[in-house]
Amino acid sequence: MKYFTINKLNQKSDVNYHILGMFSGKKLIKNIDDTAIQNNIKESLNNKEITGALGEYQIFHGNSKKNKLVLFGLGSKQDFDPISLQKSLTYVIKSLIKTNATSICLEVDNLVLQGKEPAIKNIIIAIETALYKYKKNKTSNLSKLNTCYLKTADKSVSAKFKETVKISTSISNGINKAKDLGNTPPNICTPTYLSDQAKQLQKKYRSLNVEILDEKKMESLKMGSLLSVSRGSKEPAKLVTIKYLPIKNKKPIILVGKGITFDTGGISIKPSGAMDEMKFDMSGAAAVLGTLQACAEMKIKTNVIGILACAENMPSSSATRPGDVVKSMEGISIEILNTDAEGRLVLCDALTYAKKFNPRYMIDLATLTGACLVALGKYPSGLFSNDQKLADLLKNSGDKTGDRVWQLPLYKEYFDELKTNFADIQNIGGRYGGAITAAAFLAKFTEGQKWAHLDIAGTAWDTGPNKGSTGRPVQLLTDFLLSNQ
Ligand code: BES
Ligand code: MN
Ligand code: ZN
């Protein structure tokens, strides 16, 4: 979609739909020139056909065929936040995709929360991600929408507008890339597929440099923990490093993603219900790749390194057993009591490997625990950190973008649950607080680093009729990187 700013919509401009948000219980502030439209709106409001509730929208026809007006509900004004903005726009855009419309004009000024620019950014990202559709294996009609005018009375917007559009579309493309990877079926999206995707990214963006470690190389680096996960699968594990280092002599921010392309649980096999959703267990890696694509596309001036820890977790006669002890690259021995707690096993070696790049911050993202879903539900990602400043920065980016996180504690008692008679640590804790004991396991491998862990088990994909990857937390991460250049 192409974006332009305008100050007024003149009679000649050929726009199929003029879109205006309305809050519930509030009067429409706008004066609408077309008297027929104005009368229709009055009638609709009187009849409570439209009230401004979140998710509502209605199309109004006027005297001319041009410039039909669309009212869409924003919910209550007090509750308005980046999430209501995103939801309300998604509804109206998804409905207009189905029409023959090619151009729309959106009134921006009543959608602003904290400054025009962040609002425009959130608006463009909401529109671009609403336009997303998974296309492989499905014949679908492409939307004809190609032009969007963002109408605002504020003339100062236009100076920075081009840059804002560039950044917002790059972020959207990164989100949609992560969605595509997540949605790709697990017979296609294997560890090798993910490493090929990284290679392709390097071809497209000369500023990216990709390195792929195969199992042999990982063995020589003594990554016994990561390799224990792929042992039951015929698909070899891959450790993919994507470097984006535009600035000389500056420590990079390192993003590490869990890339389990399918998680059966291994010998500690999962129940069969909804097991297909374990194709999304590589969503952390997908978000890292999407974020690095966005960095390269918007030419951000920060050093970033992405690491994808990719493996498939399968049961077989060569698979790791409960009770097996393996040695991590860190030198810490691990008793594997549950082969379904595999995410932490690939991440710990990837985190150790990451340290050699001398990070400013290390952030890992992982669909790590069902317990995180139990604790927080599906709305925020779980946040854990050994550095409160880093945690606060991530929290702030989450609130700004609507890609929210909520922090959980790492008290020392949780670490005691990882003790065992047979190795330095075991890979599971007790019955309760599973999201935290998983994070505590990772914390053992990041001592002395400024590290944060995002458990995206509840946020990386939607279930039900809208089943599919959400592309989270690419928007959070790109905002964090842009805010900390
Ligand atoms: N990938 C799963 C976590 C998961 C489960 C994410 C359901 C989203 C929905 C992870 O590898 C896993 O199986 N974790 C176990 C850990 C347990 C064995 C300690 C879990 O959460 O049950
Ligand atoms: Mn598992
Ligand atoms: Zn898993």
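Up top is the structure.
Sequence order as written defines residue numbering, which begins from 1 separately in each chain. Labels follow written order: the first chain is A, the first ligand is 1, and so on. Totals for whole chains, interfaces and linings use every residue, but because this is a predicted model, local features are given only for residues with pLDDT of at least 70 and side-chain atom pairs only at 80 or more, for both listing and counting. Side-chain numbers here rest on the full set of heavy atoms in the structure, without hydrogens or water.

Caption draft 1: Just the coordination of the manganese ion (ligand 2), in detail. Only nitrogen, oxygen and sulfur atoms qualify as donors, and only when within 2.8 Å of the metal (3.2 Å in the case of Na, K and Ca); with water excluded, sites may look incomplete. At the metal site, the manganese ion (ligand 2) is ligated by D263 (OD), D340 (O), D340 (OD) and E342 (OE), and these contacts range over 2.1 to 2.2 Å. Tetrahedral means four donors with every angle between 85 and 135 degrees, whereas square planar (four donors) and octahedral (six donors) require angles over 155 degrees between opposite donors and between 65 and 115 for all others; sites fitting neither are termed irregular. The coordination sphere of the manganese ion (ligand 2) comprises six donor atoms, whose angles at the metal cover 71 to 169 degrees; the geometry is irregular. Between the manganese ion (ligand 2) and the zinc ion (ligand 3), the interatomic distance is 3.1 Å, and D263 donates to each metal, bridging them. Of this pair, D263 sits in strand β9 (residues 253-263) while E342 sits in the loop between β12 (333-335) and α9 (343-354), and the two are 79 residues apart along the sequence. Comparing D263 with E342 shows no difference in burial state: the two are buried. Numbering goes from the N terminus for both helices and strands, where a helix is a DSSP run of H or I of at least four residues and a strand is a run of E of at least two. Throughout this description, buried means an accessible area under 20% of the type-specific maximum (1.4 Å probe, protein chains only), exposed means over 50%, and partly exposed covers the range between.

Caption draft 2: Fine view of the site of ligand 1. Around ligand 1, a shell composed of 17 residues is seen, among which K270, D281, D340, E342 and G370 lie nearest. Pairs of N or O atoms are called polar contacts if they sit within 3.5 Å, as long as, within protein, a hydrogen donor faces a hydrogen acceptor (for residues adjacent in sequence, only side-chain-to-side-chain pairs). Here an oxygen atom of ligand 1 and a side-chain polar atom of K270 are 2.8 Å apart. A distance of 2.9 Å is found between a nitrogen atom of ligand 1 and a side-chain nitrogen or oxygen belonging to D281. For the area figures, the Shrake-Rupley method with a 1.4 Å probe applies, and any residue is considered shielded solely by the protein chains shown. For ligand 1, the accessible surface in isolation is 520 Å², of which the surrounding protein chains cover 77%. Those elements that place two or more of their residues in the shell around ligand 1 are β9 and α10 (370-376). In the scheme used here, Gly and all other residues not listed as nonpolar or charged are polar, with Ala, Val, Leu, Ile, Met, Phe, Trp, Tyr, Cys and Pro taken as nonpolar and Asp, Glu, Lys and Arg as charged. When grouped by side-chain class, the residues that make up the shell around ligand 1 number six nonpolar, four polar and seven charged. For this description, a residue counts as near a given molecule or strand if any of its non-hydrogen atoms is within 4 Å of it.

Caption draft 3: A look at the packing of helix α2 (residues 82-97) against helix α3 (residues 116-130). The interhelical angle for the contact between α2 and α3, taken along N-to-C directions, is 40 degrees, at an axis separation of 8 Å. As the angle between them shows, α2 and α3 are arranged oblique. Every pair of crossing elements has a handedness; the one defined by α2 and α3 is right-handed. From α2, P82, L85, Q86, L89, T90, I93, K94 and I97 reach across to α3, where they touch A119, N122, I123, A126, I127 and A130. A breakdown of the residues in the contact of α2 with α3 according to their chemical character gives ten nonpolar, three polar and one charged. Axes here mean lines fitted to C-alpha atoms, for a helix over just the part in contact, with angles spanning 0 to 180 degrees between N-to-C directions. Reported orientations rely on four angle classes, namely roughly parallel under 35 degrees, roughly antiparallel over 145, roughly perpendicular from 65 to 115, and oblique for the rest. What makes a crossing left-handed is the near helix being turned counterclockwise from the far one by less than a right angle; a clockwise turn instead makes it right-handed. Residue contacts follow a heavy-atom distance rule, with two residues in contact if any of their heavy atoms lie within 4.5 Å.

Caption draft 4: Expanded view of helix α8 (residues 283-298). For α8, with 16 residues, the first-to-last C-alpha span of 22 Å sits near the 22 Å given by 1.5 Å per residue. A large share of α8 lies buried, amounting to 16 of its 16 residues. K299 lies just past α8 and shows a positive phi near 55 degrees. Here the expected span of a helix is defined as 1.5 Å times the quantity of residues minus one.

Caption draft 5: Layout of the nonpolar core. In these notes, a set of buried Ala, Val, Leu, Ile, Met, Phe, Trp, Tyr and Cys residues joined through side-chain atoms within 4.5 Å is what counts as a nonpolar core. The biggest cluster of nonpolar side chains holds 57 residues, and the ones touching the most others in it are I363 and L454. Residue contributions to this core peak at ten residues, all from α8. Contacts of L454, omitting those with residues within four sequence positions, involve I363, D364, L365, A366, G382, L383, V405, P473, L476 and L477. Counting 48 residues, the second-largest nonpolar core is a separate cluster that includes I307, I336, F357 and W451.

Caption draft 6: Spotlight on the environment of K243. Mapped onto the secondary structure, K243 falls in strand β8 (residues 238-244). In sequence terms K243 and I171 are 72 residues apart; their C-alpha atoms lie 18 Å from each other. In contact with K243, other than residues within four places in its own chain, are S207, L208, N209, E211, V304, I305 and F357.

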